[in-house]
Amino acid sequence: MLKKDLLESLYARYNKYEYIHPDPLEFLYNYPDIRDREIVGLIAASLAYGRVSQILKDVSFVLDKMERPYEFIMNSDREYFENKFEGFIHRYTDVKELTQFLMNLKSILQRFGSIHDAFKSGMKIKDENVIPALSNFIRLIVPDGKKNTLVPSAECKSPCKRLNLFLRWMVRHDEVDPGGWDDIPPSKLIVPLDTHMHHISLVLGLTSRKQADMKAAYEITENFKAISPEDPVKYDFCLTRLGIRDDTDMNAFFKEYENA
């Protein structure tokens with residue numbers, strides 16, 4: 001079996017809505033309005049660090065305060081945010097950082113009208129991938145450059161896993177990723193790299209880098225492009241099911257991939 005055939009088989013088996021839970025992606029399906037969905041996606045992805053059970057709990061806490069996220073943010077001020085989310089803490093993120101994040105998000109919405117348009121403002125046709133636009137977007141979210149645990153550095157030396165995950169959710173559209181940003185090519189996405197995906201990629205020979213940094217994410221993405229040039233992030237979800245789901249055999253898959 002060819003490597004692409006093996007990946008396609010895994011994709012066909014696990015890239016299904018029924019396998020999303022537990023994953024913060026599941027929250028996006030509750031919001032058909034794209035203005036709400038992109039806000040929910042950004043919040044859910046930005047909080048996607050730590051234990052998945054705590055991620056789901058804390059994302060729920062935030063979203064339960066917002067019946068209609070776009071209207072909620074546009075009609076709120078700093079004091080209201082602080083009172084509404086009093087007591088919030090997610091690992092290293094406290095209510096002050098969450099409030100500042102939402103205030104900066106409100107400024108973006110006032111200026112551009114949507115998160116999509118804010119992100120697109122940093123995209124150029126000549127760009128090979130989304131990283132230049134992502135760096136620009138980070139500067140919009142954190143205009144003063146102050147550290148915020150919800151947002152990575154605009155230098156993008158880290159893999160920017162959470163924001164690349166957000167982009168995967170919003171740009172791709174299949175049984176797992178709900179999409180909505182249809183004018184951004186999936187071919188420009190970068191793999192959302194965390195330690196689990198890095199381990200899988202090392203074993204599969206998709207990267208030789210020992211650090212899960214942006215250079216490794218580039219390398220992995222380029223290797224996926226050789227298999228799926230128009231959609232290099234296609235296999236991210238199904239591959240990350242390996243070792244997480246009880247009905248997967250990660251070592252057996254590695255062996256079969258090596259022999260393909």
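Everything below is about the structure printed above this text.
Residues numbered from 1 in each chain as written. Predicted model: local features only at pLDDT ≥ 70, side-chain atom pairs only at ≥ 80, totals over all residues. Heavy atoms only, no water.

1. Points about helix α8 (residues 131-141)
- For α8, the buried fraction is high: eight of the 11 residues fall into the buried class.
- Inspection of α8 places Ile131, Ala133, Leu134, Ser135, Phe137, Ile138, Leu140 and Ile141 among the buried residues, and these make up the whole buried set.
- Taken together, the buried residues of α8 touch α2 (34-46), α6 (95-112), α7 (115-120), α9 (161-171) and α11 (214-227). (Buried < 20%, exposed > 50% of the residue type's maximum accessible area, 1.4 Å probe, protein only. Helix = DSSP H or I, 4+ residues; strand = E, 2+ residues; numbered from the N terminus. Contact = heavy atoms within 4.5 Å.)

2. Let's talk about the packing of α8 against α9
- Between α8 and α9, the shortest axis-to-axis distance is 12 Å and the interhelical angle comes to 115°. Classified by the interaxial angle, the pair formed by α8 and α9 is roughly perpendicular. Read as a crossing pair, α8 and α9 show a hand that is right-handed. Contacts from Ile131, Leu134 and Ile138 of α8 reach α9 at Leu163, Asn164 and Leu167.
- Each residue belonging to the contact of α8 with α9 can be placed in one class, and the counts come to five nonpolar, one polar and no charged. (Axes fitted to C-alpha atoms, helices over the stretch in contact; angles between N-to-C directions. Parallel < 35°, antiparallel > 145°, perpendicular 65-115°, else oblique. Left-handed = near helix turned anticlockwise from the far one by under 90°. Nonpolar A, V, L, I, M, F, W, Y, C, P; charged D, E, K, R; others polar.)

3. Some details on the side chain of Lys234
- Along the chain, Lys234 falls in the loop between α11 and α12 (236-239).
- Taking relative accessible area as the criterion, Lys234 reaches 17% and is therefore assigned buried.
- A distance of 2.8 Å separates a polar atom in the side chain of Lys234 from a polar atom in the side chain of Glu8.
- For Lys234, the contacting residues outside a window of four places in its chain are Glu8, Tyr11, Asn15, Arg172 and Ser228. (Polar contact = N/O pair within 3.5 Å; in protein donor to acceptor, adjacent residues only side chain to side chain.)

4. Thoughts on the pattern of salt bridges
- In the structure shown here, the tally under the stated rule is 15 salt bridges.
- One salt bridge connects Arg168 with Asp177, and the closest N-O pair in it is separated by 2.9 Å.
- Of the residues examined, Arg168 reaches a relative accessible area of 4% and is grouped as buried.
- Among the residues examined, Asp177 registers a relative accessible area of 1% and is labelled buried. (Salt bridge = Lys/Arg side-chain N within 4 Å of Asp/Glu carboxyl O.)

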